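Now for the letters of each chain:
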Amino acid sequence: MYHIEKNTVQETLIIPLYGRKVCSEHFPHLFKDPEAERICSMLDYDFEEKGKKMESAAGLFGALEVAQRQYDLACEVKDYLKKNPNAAVVNLGCGLDDTFRKCDNGKCKGYNIDMPDVIAIRNELLPESDRERNLAYNLNDEAWMNEIDAKDGAVFFASGVFYYFRTEDMKVLLHKMAKRFPKAVIVFDSCNSRGAKLMTKTWLKEAGIADVGAFFSLEDKDELKNWSDNFASVSAKSYMRGYRDIYKDVSFFHKLMIKFCDSYVKMQIIKITFR
Ligand SMILES: C[S@@+](CC[C@H](N)C(=O)[O-])C[C@H]1O[C@@H](n2cnc3c(N)ncnc32)[C@H](O)[C@@H]1O
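Residues numbered from 1 in each chain as written. Predicted model: local features only at pLDDT ≥ 70, side-chain atom pairs only at ≥ 80, totals over all residues. Heavy atoms only, no water.

### Regarding the overall build of the chain
In plain terms, the rule: Strands here mean DSSP runs of E at least two residues long; helices mean DSSP runs of H or I at least four residues long; both are numbered from the N terminus. For this measure, only C-alpha atoms enter the radius of gyration; the expected value for a globule follows 2.2 Å times N^0.38, where N is the number of residues. Note on contacts: a residue pair is in contact if any heavy atoms of the two residues lie within 4.5 Å.
In terms of regular secondary structure, the chain is built from 9 helices and 9 strands. By the compact-globule yardstick of 19 Å for 275 residues, the chain fits well, its C-alpha radius of gyration being 18 Å. A principal-axis box enclosing the C-alpha atoms of the chain has dimensions of 45 × 40 × 35 Å. Put simply, 74% of the contacts in the chain that link residues at least 6 apart link residues at least 24 apart.

### Some thoughts on the nonpolar core
One recurring pattern in soluble globular proteins is that nonpolar side chains are buried together. Applied cut-off: Only buried residues count toward a nonpolar core, which is a set of Ala, Val, Leu, Ile, Met, Phe, Trp, Tyr and Cys residues joined through side-chain atoms within 4.5 Å. Accessible area is worked out with a 1.4 Å probe on protein chains only. A residue is then buried under 20% of its type maximum, exposed over 50%, and partly exposed in between.
In this structure, Ile14, Leu43, Leu64, Val89 and Leu96 are the most contacted members of the largest nonpolar core, which totals 57 residues. Formed by 35 residues, the second largest nonpolar core is a distinct cluster that contains Tyr111, Phe156, Leu174 and Ile186.

### Structural notes on unusual backbone geometry
In this structure, arginine 131 takes a positive phi of about 60° despite not being glycine. Relative to the helices and strands, arginine 131 is located in the loop between helix 6 (116–125) and strand 5 (132–136). Even without glycine at this site, lysine 183 takes up a positive phi of about 70°. Its location among the elements puts lysine 183 in the loop between helix 7 (167–180) and strand 7 (185–190). Judged by relative accessible area, lysine 183 falls into the exposed class, the value being 62%.

### A closer look at the sheet that holds strand 5
What counts is decided by this rule: In this scheme, strands are said to pair when DSSP sees at least two bridges between them. Fitted lines through C-alpha atoms serve as axes, helices being fitted only where they are in contact, and the angles separating the N-to-C directions of these axes extend from 0 to 180 degrees.
Reading across from one edge, 5-4-3-6-7-9-8 is the order of the 7 strands in this open sheet, with mixed pairing throughout. Each having just a single partner strand, strand 5 and strand 8 (231–238) make up the two edges of the open sheet. Each strand of the sheet is rotated relative to its neighbour by a mean of 15°, with strand direction disregarded. Here 5 bridges tie strand 3 (residues 88–92) to strand 4 (residues 109–114), and the two strands are oriented parallel to one another.

### Some remarks on the packing of helix 1 (residues 14–26) against helix 4 (residues 57–83)
Stated formally: Roughly parallel means an angle under 35 degrees; roughly antiparallel means over 145; roughly perpendicular covers 65 to 115; every other angle is labelled oblique. Each residue gets one of three labels, nonpolar for Ala, Val, Leu, Ile, Met, Phe, Trp, Tyr, Cys and Pro, charged for Asp, Glu, Lys and Arg, and polar for the others, Gly among them.
For the pair helix 1 and helix 4, interaxial distance at closest approach is 8 Å and the crossing angle is 105°. Between helix 1 and helix 4, the crossing angle belongs to the class labelled roughly perpendicular. Where helix 1 abuts helix 4, its residues Pro16, Gly19, Arg20, Val22, Cys23 and His26 lie against Leu60, Ala63, Leu64, Val66, Ala67, Arg69 and Gln70. Its residues assigned to classes, the contact of helix 1 with helix 4 comprises 8 nonpolar, 3 polar and 2 charged.

### Thoughts on the pairing of strand 5
In plain terms, the rule: By convention a crossover is right-handed if, when the strands point away from the viewer, the path from the first strand over the helix to the second runs clockwise.
Strand direction decides the pairing type here: strand 4 and strand 5, joined by 5 bridges, are parallel. Within strand 5, the residue paired with tyrosine 111 across the bridge is arginine 133. What joins strand 4 to strand 5 is helix 6, and the crossover it makes is right-handed.

### Side note on the site of the ligand
Defined as follows: By convention in this text, a residue qualifies as near a molecule or strand provided that one of its non-hydrogen atoms is within 4 Å of it. In protein, a polar contact means a hydrogen-donor-capable atom and an acceptor-capable atom, both N or O and within 3.5 Å, with residues adjacent in sequence counting only if both atoms are side-chain atoms; elsewhere, any N or O pair within 3.5 Å suffices. Here the accessible surface of atoms and residues is derived via Shrake-Rupley with a 1.4 Å probe, and residues count as covered only by protein chains that are part of the display.
In the vicinity of the ligand lie 23 residues, with Gly93, Asp114, Asn138, Leu139 and Ser159 positioned nearest. Asparagine 138 is positioned such that a nitrogen or oxygen atom in its side chain is 2.9 Å from a nitrogen atom of the ligand. Protein contact buries 97% of the 600 Å² of open area that the ligand shows by itself. Considering only residue class, the shell around the ligand consists of 11 nonpolar, 8 polar and 4 charged.

### A closer look at the packing of aromatic side chains
Going by this rule: Put simply, two rings from Phe, Tyr or Trp (the six-membered ring, in Trp's case) pair if the centres are within 6.5 Å, and we call them stacked under 30 degrees between planes, edge-to-face over 60, tilted for the rest. To sit over a ring, a charge needs its Lys NZ or Arg CZ within 6 Å of the ring centre and within 35 degrees of the ring normal.
Taken as a whole and judged by the stated rule, the model has 11 aromatic pairs. Aromatic side chains tyrosine 18 and phenylalanine 47 sit 4.8 Å apart centroid to centroid with 15° between the ring planes, which places their arrangement in the stacked category. Placement of tyrosine 18 in helix 1 and of phenylalanine 47 in the loop between strand 2 (43–44) and helix 3 (48–54) is noted, with a sequence separation of 29 residues between them. Like phenylalanine 47, tyrosine 18 is buried. Considering the side-chain rings of phenylalanine 231 and phenylalanine 274, the 6.0 Å spacing of their centres and the 20° angle between planes classify their relative orientation as stacked. Linking phenylalanine 231 in strand 8 with phenylalanine 274 in strand 9 (residues 268–274), this pair joins segments that are 43 residues apart in sequence. Since its relative accessible area comes to 5%, phenylalanine 231 is described here as buried. Three or more aromatic residues link up through ring pairs in this structure, and these residues are Phe162, Phe165, Phe188, Phe216 and Trp227. The ring centre of tyrosine 247 lies 4.2 Å from the NZ or CZ of arginine 241, which sits over that ring. Sitting above the plane of the tyrosine 71 ring, arginine 244 keeps its charged end 4.2 Å from the centroid.

Okay, here's the thing in structure tokens:
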């Protein structure tokens, strides 16, 4: 059993991991994730409280969100690999997410980056496989960029990570990446400031997390355009409907939630292509 410390940023990896497991149990026609189930069963963490909350209608919507987000980002990774089969596939703030393996075409190179204590647990539960590396770095330390072999292209993705970044740090990170990795792509989820406030009040507070602030938020993708001269394009798609529209497959309440997320909190998947 592997212990997860409470009240840390690292603990936030539990929410999407457990969400994918719950989603797999409740919506098997939409998502099946035996890996999330296996990993949860190996963690020394009190899931009971989280379990109760996630079984409510609102909680189940949260589970749908995290599973859908992984699906969306995997679509972008697979799409990039069609044209760049040997590319680097870089999971920024990977937690215990195995998207690289879900997208592996047998040729690409996978990099999973997170804080050292998360990578220590990852190395036990999801040890590196062929063409895959687990890297212990703070993403705000640009040294991680030296580890990436991007000669055949690179697709970066971050799932539920940038809410923990200050806007200034996000600017610096994206600016440096755009300069360093020409023609690469980065995809990540975002919401507006209303969404970020809701997240701190609900998910993170409920999770008993005290030391994280939801900093980065985005009302409109165009706010990013001036962040770097090396951005060739910035596009956005609906989180819940942009890649696979599950609207018709969910309950009336969840349909309302999808509309709320699209219009009120602007939950989007952002894609930036570097020049
Ligand atoms: C909500 S979890 C998401 C985990 C994973 N992406 C997923 O979807 O399952 C956020 C993750 O970002 C990592 N993280 C946050 N800030 C980071 C930083 N500055 N450098 C590296 N990792 C970071 C945390 O340790 C945590 O594992």
